[in-house]
Amino acid sequence: MTAEPEQYLSARLRRALAEDPRTTEQGVRVTVRGDHVMLSGTVASADRREALEAVIHDVAPDLTVFDDVKVVSVDAPAGREELR
């Protein structure tokens, strides 16, 4: 267990995800409980999701990561939307 308070560690991890060029991610929630960190939210690709975990492991290698991040397609709509 780290001596750093959980809320400070969460903030440090969120900042790392936002500033690291592999992720530049601000929309992922980071929750720290003891020696565990939970990531949740949505990203545009599986590669981005994997990069999130890599950044967390680089910044806090002693934490166990639980990844609940969903990959959501950001493709253009396939058809025309009709408004009535």
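Coordinates for the structure precede this section.
Residues numbered from 1 in each chain as written. Predicted model: local features only at pLDDT ≥ 70, side-chain atom pairs only at ≥ 80, totals over all residues. Heavy atoms only, no water.

1. Here we look at the pattern of salt bridges
Evaluated as defined, the whole model comprises 8 salt bridges. The salt bridge involving glutamate 19 is made with arginine 15; its shortest N-O contact spans 2.8 Å. Placement of the pair is glutamate 19 and arginine 15 together in helix H1 (residues 6-19), with a separation of 4 residues, close to one helical turn. When its relative accessible area of 52% is taken as the criterion, glutamate 19 is described as exposed. For arginine 15, a relative accessible area of 56% translates into the label exposed. Across the salt bridge formed by aspartate 68 and lysine 70, the nearest N and O atoms sit 2.7 Å from each other. (Salt bridge = Lys/Arg side-chain N within 4 Å of Asp/Glu carboxyl O. Helix = DSSP H or I, 4+ residues; strand = E, 2+ residues; numbered from the N terminus. Buried < 20%, exposed > 50% of the residue type's maximum accessible area, 1.4 Å probe, protein only.)

2. Describing the environment of valine 69
Relative to the helices and strands, valine 69 is located in strand S3 (residues 64-71). Linking valine 69 and leucine 52, residues 17 residues apart in sequence, is a C-alpha distance of 9.2 Å. When neighbours within four sequence positions are excluded, valine 69 is seen to be in contact with Val28, Leu39, Ser40, Gly41, Thr42, Val43, Arg49 and Leu52. (Contact = heavy atoms within 4.5 Å.)

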